Amino acid sequence: MDINTITEIVTGLDEASLAGWREGDAFLGGGTWLYSEPQPSLRRLFDLDAFGWTPLELTPDALVVAATCKIQELYDFVPPADWRSGGLIRQCCDALLGSFKIWNMASVGGNMCLALPAGPMTSLAAALDATCVIRMREGGERRMAAAEFVTGDRRNALAPGDLLRAIELPVADLRARSAFRQASLTARGRSAALLIGLLDDAGRFALTVTASTKRPVRLAFDAAPDAAGLKDRIDAAIPDALYHDDIHGRPDWRKMLTCRLAEEIRTELAG
Ligand SMILES: Cc1cc2nc3c(=O)[nH]c(=O)nc-3n(C[C@H](O)[C@H](O)[C@H](O)COP(=O)(O)OP(=O)(O)OC[C@H]3O[C@@H](n4cnc5c(N)ncnc54)[C@H](O)[C@@H]3O)c2cc1C
C-alpha cells in the first residue's frame with residue numbers, strides 16, 4: 001500500500017541524519033505494520049535496513065539480535081546443542097501467524113516497538129530476561145530490561161526519536177530449562193495468552209506472562225513455588241484491569257487461561 005502522506009524516505013542513514021529527527025518522522029523496520037494502514041501523522045520514514053546491521057551475532061554471553069533482524073532470519077538460527085531453551089526461538093517465531101512474505105519482511109525490533117500485547121518477540125525477549133539496547137535521539141545509548149520495554153497496548157519505553165538498536169538474549173538463560181504455552185481463540189488466531197517458564201540449574205524459576213496482559217509480567221522466584229504460591233503471585237501482580245480486552249479474547253477468559261497455563265508450566269518444570 002502507498003502511504004500518500006509520506007514525502008521522503010531516508011535511506012542513507014548515519015548519526016547526522018538521526019540527529020535531524022523531527023515530528024512526523026518514523027523508523028521503518030520491515031513496514032509490515034506501517035504499510036498496512038494509513039499513517040496521517042507521518043511525513044518521513046528512516047529506512048533502518050540502510051544501516052546494514054549484522055542480523056545475529058553470537059558472543060560468549062549473548063545472542064545479539066539486531067532490531068532489523070527479520071523473523072525468518074531469527075527462525076533460521078540453529079542454536080548450540082547445549083541451549084536447552086533454544087527451541088523457544090522458533091516457538092515464538094511460530095506465534096507470529098504470518099505468511100512467508102511477512103516473516104521475510106517483519107523485523108524483531110519492529111515487532112517489539114509496535115508493542116502489541118501479542119508481540120511474540122516481546123514474549124521471547126522478556127522471558128529470557130534480555131536487554132534492549134536503545135540509541136537515544138540526542139546520541140548515546142541506554143540499556144533496559146526487555147521485560148519493561150513494552151509498557152502497555154501499543155506503548156513502549158522509547159522517547160520520540162529513540163531507536164531500538166538490538167536485543168541481547170543471554171546465553172545463560174538460553175541454557176536453562178523452559179516450558180512454553182500459547183493459546184488462541186481460533187486455530188490460526190493471534191495469541192490470547194503466551195506464557196514461558198524458565199528454571200535454571202540453581203533452581204531459580206521465572207514465569208513470563210504475555211499476550212493475555214497489556215504488557216509483559218515477569219515473575220521471578222528464588223525457588224520454584226508450589227501451586228498456591230504461584231497463583232498468589234499472579235493475582236498480586238496482575239490486577240483484572242491489566243488483562244487485555246480485544247477481539248482475540250475477553251479479559252476474564254484470558255485470566256482463566258493465564259492461571260491454567262501457568263500451573264501447567266510450573267508442573268512441567270518443577271512438579
Ligand atoms: C498477517 C499478519 C499477522 C500478524 N501477526 C502479528 C502477531 O501475531 N503479533 C504481532 O505483534 N504483530 C503481528 N502483525 C503485525 C506486524 O506485522 C508485526 O508486529 C511485525 O513484526 C512488525 O515488524 P516490522 O518490522 O514490519 O515493523 P514496521 O511496520 O516497520 O514498524 C512498526 C512500528 O515500529 C516502529 N519501529 C520499527 N522498528 C523500530 C526500531 N528499531 N526502533 C524504533 N521504532 C521502530 C515503526 O516506526 C512503527 O511504528 C501481523 C501482521 C500481519 C500482516
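Residues numbered from 1 in each chain as written. Predicted model: local features only at pLDDT ≥ 70, side-chain atom pairs only at ≥ 80, totals over all residues. Heavy atoms only, no water.

## Here's the deal with the pairing of strand β5 (residues 62–66)
Then step 1. Most of β5 is tucked away, with 5 of its 5 residues classed as buried.
Then step 2. Burial along β5 is two-sided: the face carrying Ala62, Val64 and Ala66 and the face carrying Leu63 and Val65 are both buried.
Then step 3. Of the strand pairs in this sheet, strand β4 (residues 56–58) and β5 are connected by 3 bridges, and their pairing is antiparallel. Within β5, the residue paired with Leu56 across the bridge is Val65. (Buried < 20%, exposed > 50% of the residue type's maximum accessible area, 1.4 Å probe, protein only. Helix = DSSP H or I, 4+ residues; strand = E, 2+ residues; numbered from the N terminus. Pairing = 2+ DSSP bridges.)

## Overview of the domain arrangement of the protein chain
Then step 1. Each assigned domain of the protein chain is listed here: domain 1 (8–47), domain 2 (54–172) and domain 3 (176–270).
Then step 2. Contact with domain 1, which involves 9 residues of that partner, is made by 13 residues of domain 2.
Then step 3. Taking both sides of the interface into account, the surface hidden between domain 1 and domain 2 amounts to around 980 Å²; carbon and sulfur atoms contribute 64%.
Then step 4. Taken together, the connections running from domain 1 to domain 2 amount to 0 salt bridges.
Then step 5. Counting the contacts that link domain 1 with domain 2 gives 1 residue pair in polar contact (both at pLDDT 80 or more).
Then step 6. For the side of domain 1 that touches domain 2, the residue count by class is 4 nonpolar, 3 polar and 2 charged. (Domains from an automatic or database assignment. Contact = heavy atoms within 4.5 Å. Buried area = accessible area lost by both parts, 1.4 Å probe. Salt bridge = Lys/Arg side-chain N within 4 Å of Asp/Glu carboxyl O. Polar contact = N/O pair within 3.5 Å; in protein donor to acceptor, adjacent residues only side chain to side chain. Nonpolar A, V, L, I, M, F, W, Y, C, P; charged D, E, K, R; others polar.)

## Some details on the side chain of Gln39
Then step 1. Mapped onto the secondary structure, Gln39 falls in the loop between β2 (25–28) and β3 (44–47).
Then step 2. A polar contact is formed between the side chain of Gln39 and the backbone oxygen of Leu34, at a distance of 3.0 Å.
Then step 3. What Gln39 contacts, discounting residues up to four positions off in sequence, is Ile3, Thr5, Trp33 and Leu34.

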